[in-house]
Amino acid sequence: CWHSAFCAATPLLSVSPVGPVRKQADAPGYFPVGRGHEVGHTGSPANVCLICFPDGCRDLIPCEDSGTLCIQACSPSFHGEKSFVCKDRTWRMFTDACTNLDVQSLFQVVSEGHVAGGRFPFVGPGKPAHGKPGDGAKYFGADDSGRSNCQADFSCIVPEILSSPAIPGNIADIVELLQKISLMLLEDVNRGKMQSFSKIANHILNSSVISNWAFVKDKNASSTLLDSVNLFAGKLLLRNGSENIQERFISTKGFSIHQNASGKSFDFSMELNQTNTVSGHVVIPEEELQKLPKTSKAISIAFPTLGAIMEASHLDPVSVNGMVLSVSLPEELQHILLTFEKVNKLENVGAQCVGWHSTERRWDHKACKMKSNNISSVVCMCKHRRRTFRSFSILMSPTLLRNAVLDYITCVGLGLSIFSLILCLVIETTVWHHVTRTEITYMRHFCLVNIAMSLLIADILFIVAAVVHNAALNYRLCVAATFFLHLFYLALFFWMFTLGLLILYGLLLVFFKITRSVFIVTAFLIGYGCPLVIAVLTVIITEPKNGYLRSGACWLNWYETKALLAFAVPALSIVAVNLAVVVVVVVKTPRPSIGESCKSHDLSNMIRISKNVALLTPLLGLTWGFGLATVVDSHSLAFHVTFALLNAFQGFFILLFGTLLDRKVLGAFPGMR
């Protein structure tokens, strides 16, 4: 019997470390084995892997070791296998290669069959097939001599494919079929061929089968499908100078273009699911058309569901927020303008223009630049490269809380901060000789001046970087602005760190004296030396790969190279150290003089502690610690407003607590004593 032969010949279990898995999708003809908290046909718990036969299911092995992989055969009407992975003591679907569609049998003819004037090169004679002998002759309508009368558009195989369920195993087979057709049959791609190709592709692009892609064994299958469609459609012959082939989930349009034509465009409005539609717009700028030496063709393909399919396939840990648009243009045309309607139109959701890197199989932020962005759509200017960038879309960026209140706080606070820092430096210069008579006060004010200077330069560079980005000036200028912005923000933190060390020195090392010259050398090495090393290394490591800048701003990259860590790690580490310094200061706060009552003792203690914390918080950069709150809860407007207030007004706080409330500074002005 079937199950006896299976038990004798098939290995049932292998152990392999595997990555994260998704929830199983139902498919016709499958046994619900080990899924979530369900039970199998025999009522076994979900943590037992079951092997199912026509006469029932049997226990195979308990799910105990995380990562254990259980391989099972498919039901009798399917061939192939499916695998479950042990995770959290539960068997969960990992891959599903069960299929009832045999690509080989579709093209297998009794003898040397021919199709469209040429034999299908990807079907070898005598190649094993899962279908019954002679099935291919049925599909092709071969005669007694084995000659095929299949139409030139291979539409004879379409009904068989469309009648098969779009389950993971069949999806994998159809992707393989389309890839082979695109490689072997791309000569003279007429309307009939493109229609058949689109119908087959549409079958597995349907919004109702997106979840099934998560269990396709080849995780690059969706990328392979995209490349195959692009290659095949790029050879499409145009009738009377234009073509339009429309399916529900794939649309192909083309027309002839020439130098004297005005800007050409493609418009797409397609079904995303049963309740929603999504649109896209491709424009070839007029200045690009001037580069054409002769009349050529332009092809564009729209995929409303392919972005979600790529997510389901684990190709990239990102969320595609619009349709995927592909273009096939002459080599002379290098830039196109694309408009994407957003799927998720929430106000606090950001967007990023990206191109699909066909060789590295990933979304690349360097392929496009954002021209405009609103709540419903995004306009992108993208580079067209036949070998790398042919397909484009928009990604849903991590939550960006754009709010008029935050913009207002930033603008006002930045202006006040710059004015306060300039005033702080002027006052320090005026009273310098009066407030630096002792070694410890000299060191304190030396740190304070460098903190103010670093923040002042950083604030000015922040404005410069914004101007450079908004004016769309050259790339190198943006790199330079980012480098110095990174350098001086780091310098701000390292001088705050130096001040923290100085406070510890004054509290804990009372009998250890350090000379002024040694302090200055050490302070400069920490305050400017360390930031310079970090900033230079960041550029050297990331810029050769064009991974220094982030897309859409003159600031450090995060998504591709994680260059932003070169700022975040030192800054947050220094905040943590300086927080410990404040704790030491609170513990070491001197007690009140003898004779004070208990109540006055507690009150004076609280006043001293509060004053010390208030003075040290802005000077040691502890306000930047509130940035962690915006990471933990990125949707909270309160956290964002608090963080913006504390940091935008940091220059004012340094002036107030570092200079104006200093007794020695006040003592330098007779009228303020």
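How each quantity is defined
Residues numbered from 1 in each chain as written. Predicted model: local features only at pLDDT ≥ 70, side-chain atom pairs only at ≥ 80, totals over all residues. Heavy atoms only, no water. Helix = DSSP H or I, 4+ residues; strand = E, 2+ residues; numbered from the N terminus. Buried < 20%, exposed > 50% of the residue type's maximum accessible area, 1.4 Å probe, protein only. Contact = heavy atoms within 4.5 Å. Areas by Shrake-Rupley, 256 points an atom, 1.4 Å probe, with all protein chains shown as cover. Axes fitted to C-alpha atoms, helices over the stretch in contact; angles between N-to-C directions. Parallel < 35°, antiparallel > 145°, perpendicular 65-115°, else oblique. Left-handed = near helix turned anticlockwise from the far one by under 90°. Phe/Tyr/Trp six-rings, centres within 6.5 Å; stacked < 30°, edge-to-face > 60°. UniProt positions renumbered as here; feature names shortened; annotations may be inferred. Pairing = 2+ DSSP bridges. Nonpolar A, V, L, I, M, F, W, Y, C, P; charged D, E, K, R; others polar. Polar contact = N/O pair within 3.5 Å; in protein donor to acceptor, adjacent residues only side chain to side chain. Core = buried A, V, L, I, M, F, W, Y, C linked by side-chain atoms within 4.5 Å. Disulfide = S-S within 2.5 Å. Expected span 1.5 Å × (residues − 1). Salt bridge = Lys/Arg side-chain N within 4 Å of Asp/Glu carboxyl O.

1. With respect to the overall build of the protein chain
Then, number 1: Of the regular secondary structure elements, the protein chain holds 19 helices and 19 strands.
Then, number 2: Expressed as a percentage of its 673 residues, the buried residues of the protein chain come to 49%.
Then, number 3: By sequence separation, contacts in the protein chain at least 24 residues apart represent 69% of the contacts at least 6 residues apart.
Then, number 4: Summed over its atoms, the accessible surface of the protein chain is roughly 31,800 Å², and 61% of this surface lies on carbon and sulfur atoms.

2. Comments concerning the packing of helix α5 (residues 168-184) against helix α6 (residues 191-205)
Then, number 1: Relative to each other, α5 and α6 sit at 155°, their axes nearing to 10 Å. Judged by the inter-axis angle, α5 sits roughly antiparallel to α6. Relative to α6, the crossing made by α5 is left-handed. Seen from α5, the contacting residues are Ile171, Ile174, Val175, Leu178, Ile181 and Ser182; seen from α6, they are Phe197, Ile200, Ala201, His203 and Ile204.

3. So, the packing of aromatic side chains
Then, number 1: Counted according to the given criterion, the structure contains 17 aromatic pairs.
Then, number 2: Judged by centre distance (4.5 Å) and plane angle (10°), the ring pair of phenylalanine 255 and phenylalanine 266 falls under stacked. With phenylalanine 255 in strand β8 (residues 251-257) and phenylalanine 266 in strand β9 (residues 264-271), the pair connects residues that are eleven residues apart, well separated along the chain.
Then, number 3: Residue phenylalanine 266 is classed as buried on the basis of its relative accessible area of 2%.
Then, number 4: Residues phenylalanine 653 and phenylalanine 657 carry aromatic rings whose centres are separated by 6.4 Å and whose planes lie at 40° to one another, so their mutual orientation is tilted. Residue phenylalanine 653 and its partner phenylalanine 657 are located together in helix α18 (residues 650-660), separated by four residues, close to a single helical turn.

4. Brief notes about the UniProt feature "transmembrane region" (unreviewed entry) in the protein chain
Then, number 1: UniProt feature "transmembrane region" (unreviewed entry): in the numbering of this structure it lies at residues 405-427, 448-468, 488-511, 518-541, 565-587, 613-632 and 638-661.
Then, number 2: Its end C-alpha atoms 30 Å apart, residues 448-468 is made of 100% helix and 0% strand.
Then, number 3: End-to-end, the C-alpha atoms of residues 565-587 are 33 Å apart, and along that stretch the chain is 100% helix and 0% strand.

5. Some points on the pairing of strand β14 (residues 335-341)
Then, number 1: Across four bridges, strand β10 (residues 277-284) lies against β14 in antiparallel orientation. Each residue of the ladder has a partner; that of histidine 281, found in β14, is threonine 339.
Then, number 2: Alignment of β14 against strand β18 (residues 377-383), held across seven bridges, turns out to be antiparallel. Looking at the pairing, isoleucine 336 lines up with cysteine 382 of β18.

6. A short note on unusual backbone geometry
Then, number 1: Unlike most non-glycine residues, asparagine 240 shows phi in positive territory, near 55°.
Then, number 2: Of note, asparagine 240 is situated in the loop between α7 (221-233) and β7 (242-246).
Then, number 3: Of note in this structure, arginine 361 is not a glycine but carries a positive phi near 55°.
Then, number 4: Along the polypeptide, arginine 361 turns up in the loop between β15 (350-357) and β16 (362-364).
Then, number 5: Residue arginine 361 is classed as partly exposed on the basis of its relative accessible area of 28%.

7. Overview of the sheet that holds β10
Then, number 1: Taken in spatial order, the five strands line up as β9-β10-β14-β18-β17 in an open sheet, and their pairing is antiparallel. Each of the sheet's edge strands pairs with one partner strand only, and the pair in question is β9 and β17 (368-373). Within this sheet the neighbouring strands show an average axis-to-axis angle of 20°, counted without direction.

8. Observations regarding the packing of helix α12 (residues 475-508) against helix α13 (residues 516-542)
Then, number 1: Between α12 and α13, the shortest axis-to-axis distance is 8 Å and the interhelical angle comes to 145°. At the point where α12 passes α13, the crossing takes the right-handed sense.
Then, number 2: The residue makeup of the contact of α12 with α13, split by class, is 21 nonpolar, four polar and no charged.

9. Focus: the side chain of serine 420
Then, number 1: Of note, serine 420 is situated in helix α10 (residues 404-435).
Then, number 2: At a separation of 2.7 Å, a polar atom in the side chain of serine 420 contacts the main-chain carbonyl oxygen of leucine 416.
Then, number 3: For serine 420, the contacting residues outside a window of four places in its chain are Gly651, Phe652 and Leu655.

10. A short note on the nonpolar core
Then, number 1: With 66 residues, the main nonpolar core has Tyr489, Leu499, Phe567, Leu620 and Ile654 as its most contacted residues.
Then, number 2: Every element with two or more residues in this core is listed here: α10, α11 (439-470), α12, α13, α14 (565-587), α15 (598-619) and α18.
Then, number 3: With 19 residues, the top contributor of residues to this core is α12.
Then, number 4: Sequence-distant contacts of leucine 620, defined by excluding residues within four places in its chain, comprise Met496, Leu499, Gly500, Ile503, Asn578, Val581 and Val582.
Then, number 5: Counting 56 residues, the second largest nonpolar core, distinct from the first, contains Val175, Leu178, Phe303 and Ile309.

11. Points about the state of the cysteines
Then, number 1: Following the criterion strictly, the structure yields four disulfides and no others.
Then, number 2: Here cysteine 353 pairs with cysteine 380 through a disulfide, and the sulfurs are 2.0 Å apart. Judged by the sign of its S-S torsion, about -75°, the cystine formed by cysteine 353 and cysteine 380 is left-handed. Here cysteine 353, found in strand β15, pairs with cysteine 380, found in strand β18; they are 27 residues apart in sequence, far enough to count as distant. Taken individually, cysteine 353 and cysteine 380 each receive the classification buried, so the pair is uniform in this respect.
Then, number 3: What pairs with cysteine 478 in a disulfide is cysteine 554, and their sulfur atoms sit 1.9 Å apart. Handedness here is read from the sign of the S-S torsion; for cysteine 478 and cysteine 554, about -130°, the answer is left-handed. Of this pair, cysteine 478 sits in helix α12 while cysteine 554 is found in the loop between α13 and α14, placing the two residues 76 residues apart along the sequence.

12. Quick look at the pairing of β10
Then, number 1: Side-chain alternation along β10 places Val278, Gly280, Val282 and Ile284 on a buried face and Thr277, Ser279, His281 and Val283 on a face that remains uncovered.
Then, number 2: With eight bridges joining them, β9 and β10 adopt antiparallel strand pairing. Counterpart to phenylalanine 266 in the pairing with β10 is valine 282.
Then, number 3: The antiparallel pairing of β9 with β10 creates a hairpin that spans five residues between the two strands.

13. So, the environment of isoleucine 167
Then, number 1: Considering the arrangement of structural elements, one finds isoleucine 167 in the loop between α4 (158-162) and α5.
Then, number 2: By relative accessible area, which is 1% here, isoleucine 167 ends up buried.

14. With respect to α5
Then, number 1: Here α5 is 17 residues long and its end C-alpha atoms lie 25 Å apart, about the 24 Å a rise of 1.5 Å per residue gives.
Then, number 2: With twelve of 17 residues buried, α5 is to be regarded as a mostly interior element.
Then, number 3: Those residues of α5 lying buried are Pro168, Gly169, Asn170, Ile171, Asp173, Ile174, Val175, Leu177, Leu178, Lys180, Ile181 and Ser182.

15. Some details on the side chain of serine 326
Then, number 1: Position of serine 326 among the secondary structure elements: in strand β13 (residues 324-328).
Then, number 2: Judged by relative accessible area, serine 326 falls into the buried class, the value being 0%.
Then, number 3: Here serine 326 is in contact with Leu226, Asn230, Ile299, Ser300, Ile301, Phe303, Arg390 and Ser391, once residues within four sequence places are set aside.

16. Things to note about the pattern of salt bridges
Then, number 1: Summed over all chains, the structure comprises eleven salt bridges.
Then, number 2: Between arginine 239 and glutamate 243 there is a salt bridge; the shortest N-O distance is 3.3 Å.
Then, number 3: Overall, arginine 239 belongs to the partly exposed group, its relative accessible area being 49%.
Then, number 4: Assessed through its relative accessible area of 6%, glutamate 243 is described here as buried.
Then, number 5: A single salt-bridge network, built from bridges that share partners, covers Glu360, Arg362, Asp364 and Lys366.

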